[in-house]
Amino acid sequence: MKYILWTIILLFGHIAISQDLSFTNVSEEAGLDYTHSFSITAPPMTFIIGGGSATGDIDNDGYLDLFFTLGDEQNGVMMHNNGDGTFSELEDFVGNNTFPYYGSGPLFFDYNQDEYIDLIIGSHFGKPPIIFVNNSDLTFTKMERPEFESLNFENTFTITSMDYNMDGYQDLFMSHWLENFEENHFWKNNGDGSFSNVDSLLGFYNPFINLENFHATNFSDINGDDWPDLLAASDFGTSQIWINKEGKKFELDTLNTLTDENGMGSTVADFDNDGDMDWYMTNIYDDDGVSEGNWGVTGNKLYVNDGNGVFTEEAELRGVQNSDWGWGTSFSDFDNDGYLDLIATNGWPYNNHQFIRDHTRVFLSQESEYFVDITETTGLLDSLQGRGLSVFDYDLDGDLDVFITNINGAVSLWRNDLSNDNNYLTITLTEPEINRMALGAKITSYTENQTQLREIRCGSNYTSQDPMNAHFGLGSAVIIDSLIVRWQDGSVQSYYDVDVNQKLDITKLIVSTNSLEIEHTEATLYPNPSSSDINIDFESTVFLSNPICEIINANGQLIDRLTESLRDDKNLSFSYSPNPKLSSGTYFALLTNGGNKVVSLSFVIY
């Protein structure tokens, strides 16, 4: 009944809502005038489903950069974000070391734990994946890992990264399509620059007798046990869920019956703000209900999580079933109202006129209950042969933009020209030693009217990648009551009264000190964030004889040491008025007693 009510309401209301959201194709003015092409007239099937893009900050300047592939006779293109709305090609980003053509599924990930993201590229023409190590100076060194030679003559369309065993190193999962199933999917990062294939060790196998047909894969904690599970979109009715058993093995899920017919693109998020991860998968929707080839006709699937990893399929009920011949997709809050919207690119050049000029679809969430296709009013009418899709805020104006890679067509950057007054928050997490990109961390934002959850992942939309950060649309909220960061190891950092409309960098606190287990009833630091002064209150269940509060920066350096300003038996208070004023960033207040850690609190200076 609620979906019927929404349909009636939207017949009258969605046009006014969607007028706030519009996109402008700024590819040429942004310096992204590039075209994907093939050198042969009739490219094989593997050519026309590959390609893609990746986005990440390669030089840690705060602006997100781009990499994308361009066909069978062109190397991929590395584009540096200049910070003024334009990009510049790094023509010699690998020096004189060209690399094989036919690149597919590029992915920025942290290969060597050195603070700078690296790049890996697969292939849709039987070439082993190649790693490009970031030299920290806008150049990369090509590295052809000998263990990946086992992938020679196989197509690796999409690559995903995760830390499946929580050892702090980014592992890899490689997807192949129309290939005999071999043990070449899970690659454990050994921490010394090498990888080991662990398919057999993890119990990973092909549950179907036919060829493997993996497309977009993602790792997400779907059952609340903190371990990243595998959600694999796979063609010809072979999509799969594998449950992570504490990093020791993966078990094929038996709780769910997946009904997709041609799993292509994939995106995972808590779209309904109920605290668990849902899964959207692009497929093929044939408007006449008749398949002109070996494909299904029922369209996309939206698997809604009940909180325990059990999904109910609701794509048709919620209005997101039809994006024609779907490929790359992403849950993203384009209008910053606090509800995740959907975008899906599409196209197929053969057999059916419906798919040759179909256009990218934008579905606007109506408080997560229903979605409305508002593509026509947004202006994002990319009707080429879309494959990869990356969503990121390239100009740091607080709304999310879209980059699309097309087969045999121009790439396109669509600037979001959002005209409403909704607020936002963008967060980048960092761990200072290992797992530097903070994969597996969860961020929960609490405002007066909404609770939202984001999970940090290094996943695939389909041969393409969104950045490893978290974007929150906040609607009309003018303050975030609390922001809770739960790191992959279970430790928590909390922030209160956080300002909106900012890009926030948060570093995990690592303190090398002895630990004294003391139960405490309350530890409060305020205001947080602060422009200067802070106050800290601590109530202990025991008397602390020699309490000291240390102020530490995000690199673990001691900034100042405080003694209590007020003591009342077991209650302590500290006040801090730094002189000179601290520079903007994340800091930590560490309470010790006789050199032993009691508790630590993080705070932000702006």
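None of these values were measured; they are calculated from a predicted model. As a convention, each chain's residues are numbered from 1 in the sequence order in which they are written. For a predicted model such as this one, the threshold for reporting local features is a pLDDT of at least 70, and the threshold for listing and counting side-chain atom pairs is 80 or more; totals across whole chains, interfaces and linings nevertheless cover every residue. Excluded from the side-chain calculations are hydrogens and water; all other atoms, namely the structure's heavy atoms, are used.

1. Overview of the overall build of the protein
By definition, any uninterrupted DSSP run of H or I lasting at least four residues is a helix, any uninterrupted run of E lasting at least two residues is a strand, and each is numbered from the N terminus. When its secondary structure is counted, the protein shows five helices and 44 strands. Note that the radius of gyration is over C-alpha atoms, with the globule rule given as 2.2 Å times the number of residues to the power 0.38. In summary, the protein has a C-alpha radius of gyration of 24 Å against a globular reference of 25 Å for 606 residues, a match within 12%. Projected onto its principal axes, the C-alpha positions of the protein cover 80 × 60 × 50 Å. A 1.4 Å probe rolled over the protein chains alone gives each residue an accessible area, and that area as a share of the maximum for its type sets the label: buried under 20%, exposed over 50%, partly exposed in between. For the protein, buried positions account for 59% of its 606 residues. Here, two residues are considered to be in contact whenever any of their heavy atoms come within 4.5 Å of each other. Nonlocal contacts in the protein, meaning residues at least 24 apart in sequence, comprise 58% of its contacts between residues at least 6 apart.

2. Structural notes on a nonpolar patch on the surface
A patch consists of residues exposed above 30% relative accessible area that lack any salt bridge, with like charges linked at up to 9 Å and nonpolar side chains (Val, Leu, Ile, Met, Phe, Trp, Tyr) linked at up to 5 Å. All accessible areas in this document rest on Shrake-Rupley with a 1.4 Å probe, and a residue is counted as covered only by the protein chains that are shown. What makes a salt bridge here is a side-chain nitrogen of Lys or Arg within 4 Å of a carboxyl oxygen of Asp or Glu, nothing more. A surface patch of nonpolar side chains, about 230 Å² in accessible area, is lined by Leu178, Leu211 and Phe236. Turning to its location among the elements, Phe236 is positioned in the loop between strand S16 (229–234) and strand S17 (240–245).

3. Considering the pattern of salt bridges
Evaluated as defined, the whole model comprises 15 salt bridges. Where Arg145 meets Glu147, a salt bridge forms, and the shortest distance between an N and an O atom there is 3.1 Å. The burial state of Arg145 is the same as that of Glu147; both residues are buried. The partner of Glu314 in a salt bridge is Arg318, and the shortest N-O contact between them spans 2.7 Å. Both residues of the pair, Glu314 and Arg318, count as buried. Each of Asp221, Asp226, Lys442 and Arg486 takes part in salt bridges that share partners, so that together they form one network.

4. Concerning the side chain of Ser104
Residue position: Ser104 is located in strand S6 (residues 103–109). Counted as a polar contact is a pair of N or O atoms within 3.5 Å, where, for protein atoms, one must be capable of donating a hydrogen and the other of accepting one, and residues adjacent in sequence contribute only when both atoms are in side chains. Among the polar contacts made by the side chain of Ser104, one reaches the main-chain amide nitrogen of Gly51 at a distance of 3.2 Å. For Ser104, the side chain forms a polar contact with the main-chain oxygen of Phe157, separated by 3.0 Å. Ignoring any residue separated from it by four or fewer positions in sequence, one finds Ser104 in contact with Gly50, Gly51, Thr69, Ile121, Gly122, Ser123, His124, Thr156, Phe157 and Thr463.

5. Re the pairing of strand S28 (residues 401–406)
Summarising burial for S28: six of the six residues are buried, a large majority. Residues of S28 alternate between two faces, with Asp401, Phe403 and Thr405 on one and Val402, Ile404 and Asn406 on the opposite face, all of them buried. Each pair of strands is called paired provided DSSP finds at least two bridges between the two strands. Bridging between strand S27 (residues 386–392) and S28 involves six bridges; their strand directions are antiparallel. If you follow Phe392 over to S28, its bridge partner there is Asp401.

6. Points about the nonpolar core
Counting residues in each nonpolar core, the largest one holds 52 residues, and the members touching the most others are Leu429 and Leu483. Ranked by the residues each element gives to this core, the list is headed by strand S8 (residues 130–134), at four residues. Each of domain 1 (22–418) and domain 2 (423–507) contributes no fewer than three residues to this core. Residue contacts for Leu483: discarding those within four places in its chain leaves Leu425, Ile427, Ile443, Thr444, Ser445, Gln493, Ser494, Tyr495, Val498, Leu504 and Ile506. To qualify as a nonpolar core, a set must consist of buried Ala, Val, Leu, Ile, Met, Phe, Trp, Tyr and Cys residues joined through side-chain atoms within 4.5 Å. Formed by 19 residues, the second largest nonpolar core is a distinct cluster that contains Leu525, Phe538, Ile551 and Leu572. Source of the domain bounds: an automatic or database domain assignment.

7. Digging into the sheet that holds strand S12 (residues 177–179)
With antiparallel pairing, the five strands of this open sheet are ordered in space as S12-S15-S16-S17-S18. Edge strands, defined here as strands with exactly one partner in the open sheet, are S12 and strand S18 (249–252). Adjacent strand axes in the sheet meet at a mean angle of 35°, parallel and antiparallel pairs treated alike. Pairing geometry for S12 and strand S15 (residues 212–220), over two bridges, is antiparallel. Bridge assignment links Glu179 to a residue of S15, and that residue is Glu212. Between N-to-C directions, angles span 0 to 180 degrees; the directions come from axes that are lines fitted to C-alpha atoms, helices contributing only their stretch in contact.

8. Observations concerning the packing of aromatic side chains
Aromatic rings from Phe, Tyr and Trp, with only the six-membered ring used for Trp, were paired whenever their centres fell within 6.5 Å, and each pair was classed as stacked if the ring planes differed by under 30 degrees, edge-to-face if by over 60, and tilted otherwise. Within the structure shown, the criterion is met by 39 aromatic pairs. When the centroid spacing of 5.9 Å and the interplanar angle of 75° are considered together, the rings of Phe186 and Phe219 count as edge-to-face. Separated by 33 residues along the polypeptide, Phe186 in strand S13 (residues 186–189) and Phe219 in strand S15 bring together distant segments of the chain. We note that Phe186, like Phe219, is buried. Ring plane angle 70° and centroid distance 4.8 Å describe the contact between Trp295 and Trp325, whose orientation is recorded as edge-to-face. Remark: Trp325 occurs in the loop between strand S22 (311–313) and strand S23 (326–332) and Trp295 occurs in the loop between strand S20 (278–281) and strand S21 (301–305); sequence separation between them is 30 residues. Overall, Trp295 belongs to the buried group, its relative accessible area being 10%.

9. As for the domain arrangement of the protein
By domain assignment, the protein separates into domain 1 (22–418), domain 2 (423–507) and domain 3 (521–605). Facing eleven residues of domain 2, the contacting portion of domain 3 comprises eight residues. Taking both sides of the interface into account, the surface hidden between domain 2 and domain 3 amounts to around 710 Å²; carbon and sulfur atoms contribute 52%. At the junction of domain 2 and domain 3, the tally comes to zero salt bridges. Applying the counting criterion to the domain 2 and domain 3 interface returns two residue pairs in polar contact (both at pLDDT 80 or more). Put simply, the parts of the chain that give the side of domain 2 that touches domain 3 at least two residues each are strand S35 (492–499) and strand S36 (502–507). The leading source of residues in the side of domain 2 that touches domain 3 is S35, at seven residues. Residues were grouped as follows: Ala, Val, Leu, Ile, Met, Phe, Trp, Tyr, Cys and Pro as nonpolar; Asp, Glu, Lys and Arg as charged; and all remaining residues, including Gly, as polar. Of the residues in the side of domain 2 that touches domain 3, the class split is five nonpolar, three polar and three charged. Accessible-area loss on putting two parts together, using a 1.4 Å probe and summing over both, is the definition of buried area adopted here.

10. Concerning the sheet that holds strand S7 (residues 118–123)
Taken together, four strands build an open sheet; the order of strands is S6-S7-S8-S9 and the sheet is antiparallel. Of all strands in the sheet, those with a lone pairing partner are S6 and strand S9 (140–143), marking the two edges. On average, each strand axis in the sheet is tilted by 20° relative to the strand beside it, whichever way the strands run. Pairing of S8 with S9, which is carried by four bridges, proceeds in the antiparallel orientation. Looking across to S9, one finds that Phe132 is bridged to Lys142.

11. Structural notes on the side chain of Asn553
In this structure, Asn553 sits in strand S39 (residues 547–553). If sequence neighbours within four positions are ignored, Asn553 has contacts with Ile559, Thr586, Tyr587 and Phe588.

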